[in-house]
Amino acid sequence: AGMRNVIAVEMVTLDGVMEAPEEWSAPYQSEEMTAANRVGMQASDALVLGRVTFQIFESFWPTQENEIADHLNRTQKFVVTSTLDKTEWQNTTFIRSPIADELRKMKDAPGRDIVVTGSARLVQSLMRDDLVDEYRLSVFPVVIGGGKRLFNGSAGMKAMELADSKTFSSGVMALTYRPKR
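Novice: Please explain the environment of Phe60 as it appears in this structure.
Specialist: Within the secondary structure layout, Phe60 lies in the loop between α2 (51-58) and α3 (67-74). For Phe60, a relative accessible area of 39% puts it in the partly exposed group. When the C-alpha positions of Phe60 and Asn73 are compared, they lie 11 Å apart, and in sequence the two are 13 residues distant.

Novice: Honestly, the side chain of Ser44 in this entry has me stumped. Any pointers?
Specialist: Along the chain, Ser44 turns up in strand β2 (residues 44-50). If we ignore the near neighbours within four places in the chain, the residues touching Ser44 are His71, Arg112, Asp113 and Val115.

Novice: How do you make sense of the packing of helix α1 (residues 31-42) against α3 when you look at a structure like this?
Specialist: The description of two packed helices rests on the angle between their axes and on the distance between the axes. Interhelical geometry of α1 versus α3 gives an angle of 15° and a closest axis separation of 11 Å. In terms of orientation, α1 lies roughly parallel with respect to α3. Considering only the axes of α1 and α3, their crossing is left-handed. Mapping the contact onto sequence places Thr34, Arg38 and Met41 in α1 and Glu67, Ile68 and His71 in α3. Considered class by class, the residues forming the contact of α1 with α3 number 2 nonpolar, 2 polar and 2 charged.

Novice: I'm lost on the pairing of strand β1 (residues 6-13) in this one. Help?
Specialist: Here β1 lies mainly inside the structure; 6 of its 8 residues are buried. Pairing geometry for β1 and strand β5 (residues 113-117), over 4 bridges, is parallel. Residue Ala8 lies in a different strand from β5, and its bridge partner there is Val116. Two strands pair when backbone bridges link them, and β1 and strand β6 (residues 134-140) are joined in this way by 7 bridges, in the parallel orientation. Residue pairing in the sheet places Glu10 in a bridge with Leu137 of β6.

Novice: It is not clear to me how the packing of aromatic side chains should be interpreted in this structure. Could you clarify?
Specialist: One pair of aromatic rings is described through two measures. These are the centre distance and the angle between the planes. In the structure shown here, the tally under the stated rule is 6 aromatic pairs. Each ring, one from Phe54 and one from Phe94, has its centre 6.0 Å from the other, and the planes form 85°; the classification is edge-to-face. One end of the pair, Phe54, is in helix α2; the other, Phe94, is in strand β4 (residues 92-95), with 40 residues separating them in the sequence. Across the pair, exposure class does not vary: Phe54 and Phe94 are buried alike. Ring pairing ties together the aromatic residues Trp24, Tyr28 and Phe140, which thus form one cluster. Here the guanidinium or amino end of Lys77 rests over the ring plane of Trp89, the centre of that ring lying 4.5 Å away.

Novice: Looking at this structure, how should I read the pattern of salt bridges?
Specialist: Opposite charge on two side chains allows them to pair when their charged atoms are near. Enumeration over the complete set of coordinates arrives at 12 salt bridges. One salt bridge in this structure joins Arg104 and Asp101, with 3.6 Å as the shortest N-O distance. Taken together, the residues Arg104 and Asp101, both in helix α4 (residues 99-108) and 3 residues apart, mark about one turn of the helix. Asp101 sits in the partly exposed class, given a relative accessible area of 41%. Asp113 is the partner of Arg136 in a salt bridge, and the nearest nitrogen-oxygen pair spans 3.8 Å. Residue Arg136 is located in strand β6, and its partner Asp113 is located in strand β5; the two are separated by 23 residues in the primary sequence. We classify Asp113 as buried; its relative accessible area is 15%.

Rules used in this analysis
Residues numbered from 1 in each chain as written. Predicted model: local features only at pLDDT ≥ 70, side-chain atom pairs only at ≥ 80, totals over all residues. Heavy atoms only, no water. Helix = DSSP H or I, 4+ residues; strand = E, 2+ residues; numbered from the N terminus. Buried < 20%, exposed > 50% of the residue type's maximum accessible area, 1.4 Å probe, protein only. Contact = heavy atoms within 4.5 Å. Axes fitted to C-alpha atoms, helices over the stretch in contact; angles between N-to-C directions. Parallel < 35°, antiparallel > 145°, perpendicular 65-115°, else oblique. Left-handed = near helix turned anticlockwise from the far one by under 90°. Nonpolar A, V, L, I, M, F, W, Y, C, P; charged D, E, K, R; others polar. Pairing = 2+ DSSP bridges. Phe/Tyr/Trp six-rings, centres within 6.5 Å; stacked < 30°, edge-to-face > 60°. Lys NZ or Arg CZ within 6 Å of the ring centre and 35° of its normal. Salt bridge = Lys/Arg side-chain N within 4 Å of Asp/Glu carboxyl O.

What follows is the structure, given as structure tokens:
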């Protein structure tokens, strides 16, 4: 085992959908959730994103002025893509090679947590390769019926253990699971 953990940080609906959180998460956001996010951000120094999530982030965060934007702008970003090769967004590196190999190297290098967020297909491929050390799920009290799911069954059955849980006054639950090894 390496020195760093890979943490999947995801917002999901009660029915497991992770797609387009900007459409359903806003009414539930609160200062207590921001404070919890701050703790997670401080523990990480690398962000791994799939192309789709990267492009959504890249079109929004560089122009924002808040602590999440500051963190994202200065954090090393690694984007898994076979098509993109340039960006104006500072501290961004494109990864072409198989991400599993790159992540194993990153995990063995010194540093803090490596966060993957959004990026459904990427997280699912890391899950299949047993590279996710922790899932930090914010479960929102809303059912939307359809969309991309975080756990789509492609990784087969996975037993998890609950490492932490917290309920926010907005009804959002923060659940931290670790794969049973």
